[in-house]
Amino acid sequence: MSSEARIPLSDPVIEGNEEEYVRDCVRSGWISGAGPYLRKLEESVTGLLGGGHAVAVSSGTSALHLALLIAGVEPGDEVLLSNLTFIATANAILHCGAVPVVIDAEPNHWQLDCDALERFLATRCEIREGCLFNRESGRRIAALIPVHASGYPCDMERIDALRRTHPLFVIEDAAGALGSTLRGRHAGTFGDIGCFSFNGNKIVTTGGGGMLVTRNAEWAARARHLANQAKSDPLEYIHDAVAFNYRLSNLQAAFGCAQMEKLPHFISRRREINRAYRERLAGIPGLSWASEAGDVFWNGWQTTLAVDAAAFGCSARQLGAHLLGKNIESRPLWRPVHLSPVHAAQTPFPLPISDLLYERGLTLPSSGSLSDGQVERVAHAIAQCHRSG
Ligand SMILES: *Cc1c(COP(=O)(O)O)cnc(C)c1O
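Residues numbered from 1 in each chain as written. Predicted model: local features only at pLDDT ≥ 70, side-chain atom pairs only at ≥ 80, totals over all residues. Heavy atoms only, no water.

Caption draft 1: A look at the packing of helix 5 (residues 114-124) against helix 6 (residues 156-165). Interhelical geometry of helix 5 versus helix 6 gives an angle of 10° and a closest axis separation of 10 Å. Considering their axes alone, helix 5 and helix 6 lie roughly parallel with respect to each other. For the pair formed by helix 5 and helix 6, the contact residues are Cys114, Asp115, Leu117, Glu118 and Leu121 on the first element and Arg158, Ile159 and Leu162 on the second. Residue classes in the contact of helix 5 with helix 6 are distributed as five nonpolar, no polar and three charged. (Axes fitted to C-alpha atoms, helices over the stretch in contact; angles between N-to-C directions. Helix = DSSP H or I, 4+ residues; strand = E, 2+ residues; numbered from the N terminus. Parallel < 35°, antiparallel > 145°, perpendicular 65-115°, else oblique. Contact = heavy atoms within 4.5 Å. Nonpolar A, V, L, I, M, F, W, Y, C, P; charged D, E, K, R; others polar.)

What follows is the structure in structure tokens.
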């Protein structure tokens, strides 16, 4: 094991007003599910996104779960989703008793393959009484969750176009995509509902938390209600639904308000890190990266490398082990949903790109706190693995 300091995968940067705002909560006593920082955090998100309604919740997963309930997803329905995602997306679907149906990724940006989605809608679905049905299974398709994997916006304009001909409730899993845009419009604002995460590894953190955003005031109110045990009387314990404790605390929101002040800085630093890796490793055979389209602004949340073992000299997992030996953290890309036996996803088409990216993907240290010297240390270790491979 190396004697050099460990380089973490995705650490929070805590160098702003976090302590001051959290101390303010401690002094005021507003530390739980109500208080001024919750509203402030919601306003800072709607301010960034250019309007709409935001509801602070306990996690990105709870935001997704609430969004699916608002979409009217019922047990036995099907929900389409990107196959290449963190398991939370599929979990939210199963929490509703629905069946996940996975769609492959495309090879350029590693996002939902809209050609495959279109083919699925055209060849496997039918519309009856205003609802979309899977002709093979007979089940209703109640929603679609495109995921902005690694924070990179997927092609929401294509998805918008498909919605003109197909009744699809669209929930964006924008967990890691805060600040990313497509033609100047923010990820999370294209679908009916957008869901963000403030987990510790995301670009902005509250320690743990999430945000549901929508332009529909009624849905936002419904989400807030369901996140708060469906409390229907301020005094009496009367609850009009079987609901959840999915609230964020004022303490967490205070932390998040300080983080939001630094978002532009976090984004530019993560983008710089991505650029530095690419420049430093250009020319080494067998390494490739997701490309950034001209009309996209990516927040740089998570830099992932694809390793072609034959050309590079070792596999992504061997490279990961080599980096760990140098005290550098890395991780394979998510195991695609279709490979998880407990989630029993439906796979209408083959999934070659998700399989390939699962084999080849390796996420590199992307923390906003990394110094240029640390990025160089990672790049050097990767180059070394090629020569020794
Ligand atoms: C982090 C993440 C989630 C879950 O967010 P939590 O706040 O951890 O519940 C969901 N989807 C994706 C793509 C994520 O990266």
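The structure having been displayed, the exposition proceeds.
Caption draft 2: Inspection of the environment of lysine 231 at higher detail. Structurally, lysine 231 is set in the loop between helix 7 (217-227) and helix 8 (250-261). Classification of lysine 231 as partly exposed rests on a relative accessible area of 42%. (Buried < 20%, exposed > 50% of the residue type's maximum accessible area, 1.4 Å probe, protein only.)

Caption draft 3: Expanded view of the sheet that holds strand 1 (residues 53-57). Taken in spatial order, the four strands make up an open sheet running 1-11-10-7, and their pairing is mixed. At either end of the open sheet lies a strand with only one pairing partner, and these are strand 1 and strand 7 (171-173). Strand after strand, the sheet turns through a mean of 20° between neighbouring axes, direction not considered. Inspection of the sheet shows strand 1 paired to strand 11 (residues 210-214) by five bridges, in the antiparallel sense. (Pairing = 2+ DSSP bridges.)

Caption draft 4: Spatial organisation of the sheet that holds strand 3 (residues 99-103). Ordered by their spatial adjacency, three strands build an open sheet running 3-2-6, and the pairing between neighbours is parallel. The open sheet has two free edges, formed respectively by strand 3 and strand 6 (141-145), since each of these has just one partner strand. Each strand of the sheet is rotated relative to its neighbour by a mean of 25°, with strand direction disregarded. The strands touched by helix 4 (residues 88-95) within the sheet are strand 2 (78-82), strand 3 and strand 6, with strand 2 carrying the most contacts at an inclination of about 175°. Sheet contacts for helix 5: strand 2, strand 3 and strand 6; angle to strand 3, the most-contacted strand, approximately 125°.

Caption draft 5: Expanded view of the site of the ligand. Of all residues adjacent to the ligand, which total 15 residues, the nearest are Gly60, Thr61, Asp173, Ser197 and Lys202. Threonine 61 places a side-chain nitrogen or oxygen 2.5 Å from an oxygen atom of the ligand. Separating an oxygen atom of the ligand from a side-chain N or O atom of lysine 202 is a distance of 3.3 Å. Relative to its unbound accessible area of 390 Å², the ligand is 92% covered by the protein chains. (Near = heavy atom within 4 Å. Polar contact = N/O pair within 3.5 Å; in protein donor to acceptor, adjacent residues only side chain to side chain. Areas by Shrake-Rupley, 256 points an atom, 1.4 Å probe, with all protein chains shown as cover.)

Caption draft 6: Just the side chain of glutamine 111, in detail. Tracing the sequence through the fold places glutamine 111 in the loop between strand 3 and helix 5. Accessibility expressed as a relative area gives 4% for glutamine 111, which makes it buried. Polar contacts involving the side chain of glutamine 111 include one to the main-chain amide nitrogen of alanine 149, which spans 2.8 Å.

Caption draft 7: Structural context of the packing of aromatic side chains. For the coordinates displayed, the defined rule picks out four aromatic pairs. Between phenylalanine 120 and phenylalanine 349 the ring centres are 6.3 Å apart and the planes differ by 85°, which places this aromatic pair in the edge-to-face class. Taken together, the residues phenylalanine 120 in helix 5 and phenylalanine 349 in the loop between strand 15 (331-332) and helix 12 (352-360) connect sequence positions 229 residues apart. The exposure class assigned to phenylalanine 120 is buried, which follows from its relative accessible area of 1%. For phenylalanine 349, a relative accessible area of 11% translates into the label buried. A centroid spacing of 4.8 Å and a plane angle of 5° characterise the contact between phenylalanine 244 and tyrosine 246, whose relative ring orientation is stacked. The class for tyrosine 246 is buried, based on a relative accessible area of 17%. The cationic tip of arginine 128 hangs over the ring face of phenylalanine 133; the distance from NZ or CZ to the ring centre is 4.0 Å. Arginine 185 extends its terminal NZ or CZ atom over the ring of phenylalanine 190, reaching a point 4.2 Å from the ring centre. (Phe/Tyr/Trp six-rings, centres within 6.5 Å; stacked < 30°, edge-to-face > 60°. Lys NZ or Arg CZ within 6 Å of the ring centre and 35° of its normal.)

Caption draft 8: Quick peek at the packing of helix 9 (residues 263-281) against helix 13 (residues 372-388). Running from N to C, helix 9 and helix 13 point in directions that differ by 35°, and their axes come no closer than 10 Å. Here the hand of the crossing between helix 9 and helix 13 comes out right-handed. For the pair formed by helix 9 and helix 13, the contact residues are Arg269, Ile273, Ala276, Tyr277, Arg280 and Leu281 on the first element and Asp372, Val375, Glu376, Val378, Ala379, His380, Ile382 and Ala383 on the second. For the contact of helix 9 with helix 13, a count of residues per class yields nine nonpolar, one polar and four charged. (Left-handed = near helix turned anticlockwise from the far one by under 90°.)

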